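Okay, here's what each chain looks like letter by letter:
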Amino acid sequence: MSHIVTEQSNKCNQALRELKVSKHFREIFHDGSEKNFESHPFNRRFAYSKKSLFPIEPRNLRTLGLNRQRKKKRGRGDKCPAKGIRDKHKHRKSGRPNSRTFESGRTPLYRRLPKWPEAWLSRQRKNYDCLNLAKLRYFIEKGRLDTRFLITQRHLHDSKCVKVKNGVKLFNVNDYPFPYKIDIEVSNADQSSIDVIKKVGGTVTIVYMERVNLRAHIKPYKFEILPKTARPNLDMIHFLEKMRSRGCIVKYIKPLWLIEEEKRIINELTEMEESSKLSDGFPFSMDTSESSRERINDDDDEGVLRDRLLQKYRLQNTRFGG
């Protein structure tokens, strides 16, 4: 009898153990029924094991302490409670502990604020690749540049006369003589180099090229399709026209707004000239005083009209530039 009781108790204990173990392996179906987890025979997770592994589900996963609140790290400033040595920086031997910019170890104000507008302006400024006219003369004398043909920025880069990144700028020191007649294309040039080259019959051409266009001009083999030539902005047009007034040949594609503005100015000037011709060709009798007064009034009106048109053009131009 006792033997039967012990067997029943062992079976109950084993059933309880299986129930506790299988609690993690239970699957709840949509109809509410429960069943122990059984691995699918085609599942690769259980290909090398005969035991059934509990399913990986969000309810079985844990964060392993990722949600724990970390201990706050205190600073070592002037008046921080119970951390660091107060006024430690005042007893240091090196440095300037009592300087006006020191803020107890934190980043001072003059380093927190951006350096504006100096930093912004320095980034906006275009730094050209300078080429001395004496070096250009040396490369011509060595035979690495041919003066019979047009010298472009690609020729200067390929001959290793200058490493072109942002465009070549010609400059001359102390009016160094340049005896060779050349035709050269660059991005910028000073007045001395322009005068020296034009003195022997050469030409200096200023070509506007954006960064991508310049790279395609120097290394066209890196582009499957060559990019289109960009149009300059207002500041660059002012610079190019200034270089034209210095005696250079300027090449750039005019923007649409500049073409329309030139058409408008030409139309206004032609209308003004036609009105002046009509006023000059009108028959006046020089004997009467009234006719002379009318002619004087017409001349005054013409001068007022010209001044008004010029003032209007200047105002529109300054508004557009601002």
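Above this text you will find the structure in question.
Now for a description of the structure that goes with this document. (Residues numbered from 1 in each chain as written. Predicted model: local features only at pLDDT ≥ 70, side-chain atom pairs only at ≥ 80, totals over all residues. Heavy atoms only, no water.)

### Some points on the sheet that holds strand β5 (residues 183-186)
We apply this condition: Two strands are counted as paired when DSSP detects at least two bridges linking them. Only runs of H or I of at least four residues qualify as helices and only runs of E of at least two qualify as strands under DSSP, and these elements are numbered from the N terminus. Note on method: axes are straight lines fitted to C-alpha atoms, helices fitted across the in-contact stretch only, with angles between N-to-C directions ranging 0 to 180 degrees.
With parallel pairing, three strands are arranged side by side in an open sheet as β5-β7-β8. Edge strands, defined here as strands with exactly one partner in the open sheet, are β5 and β8 (249-251). Sheet twist, expressed as the mean angle between neighbouring strand axes with direction ignored, is 25 degrees. With four bridges joining them, β5 and strand β7 (residues 203-207) adopt parallel strand pairing. Counted as the bridge partner of E185 is T205 from β7.

### As for helix α7 (residues 211-218)
Heads up, the condition is: Burial classes follow relative accessibility: with a 1.4 Å probe on protein chains only, a residue under 20% of its type's maximum area counts as buried, one over 50% as exposed, and anything between as partly exposed. What makes two residues a contact is simply this: any of their non-hydrogen atoms within 4.5 Å.
Burial in α7 covers these residues: N213, L214, A216 and I218. Elements that come into contact with the buried residues of α7 comprise α5 (153-158).

### A short note on helix α6 (residues 191-199)
If you check which residues of α6 are buried, you get S192, S193, I194, V196 and I197. Contact partners of the buried residues in α6: α4 (133-141), β4 (168-171), β5, β6 (188-189), β7 and α8 (234-246). A positive phi of about 100 degrees marks G201, the residue just after α6.

### Observations concerning the nonpolar core
Here is a general trend for soluble globular proteins: nonpolar side chains tend to be buried in one another's company. The criterion, for reference: Grouping buried Ala, Val, Leu, Ile, Met, Phe, Trp, Tyr and Cys residues that are joined through side-chain atoms within 4.5 Å yields what is termed a nonpolar core.
Of all hydrophobic cores here, the largest spans 38 residues; its most connected members are L136, L156, L170 and I184. Where this core is concerned, the elements lending two or more residues are α4, β4, β5, α6, β7, α7 and α8. Dropping the residues within four chain positions of it, L156 is found in contact with L131, L136, L145, I151, C161, V162, V168 and I184.

### A short note on the packing of aromatic side chains
The condition that has to hold: Ring pairs shown here join Phe, Tyr and Trp side chains whose ring centres sit within 6.5 Å, with only the six-membered ring taken for Trp; geometry is labelled stacked below 30 degrees between planes, edge-to-face above 60, and tilted in between.
Per the stated rule, a full pass over the model turns up two aromatic pairs. Judged by centre distance (6.0 Å) and plane angle (75 degrees), the rings of Y138 and F139 are edge-to-face. Pairing F178 with Y180 gives two aromatic rings, centres 6.0 Å apart and planes at 75 degrees, and the pair type is edge-to-face. Overall, F178 belongs to the buried group, its relative accessible area being 3%. For Y180, a relative accessible area of 26% translates into the label partly exposed.

### What about empty space enclosed by the protein?
Under the convention used in this document: Cavities and pockets were defined on a 1 Å grid built over protein atoms only: a cavity is a set of grid points that admits a 1.4 Å probe from which the probe cannot escape, a pocket is an open set flanked by protein on both sides within 12 Å along at least five of seven lines, and lining residues are those with an atom within 4 Å of any such point. Grid points are joined across faces, edges and corners, and a volume is the space filled by probe spheres set on the points. Three classes are used: nonpolar for Ala, Val, Leu, Ile, Met, Phe, Trp, Tyr, Cys and Pro, charged for Asp, Glu, Lys and Arg, and polar for all others, with Gly counted as polar.
If you walk through the whole model with that rule in mind, you get two cavities of 30 Å³ or more. Considered as a void within the structure, the largest cavity measures approximately 50 Å³ in volume. Every residue along the wall of the largest cavity is listed here: K126, Y128, S187, I206, V207, Y208, M209, M236, F239 and L240. Looking at the lining of the largest cavity, the elements that each hand over two or more residues are β7 and α8. It is α8 that contributes the most residues to the lining of the largest cavity, three residues altogether. Grouping the constituent residues of the lining of the largest cavity by class yields eight nonpolar, one polar and one charged.

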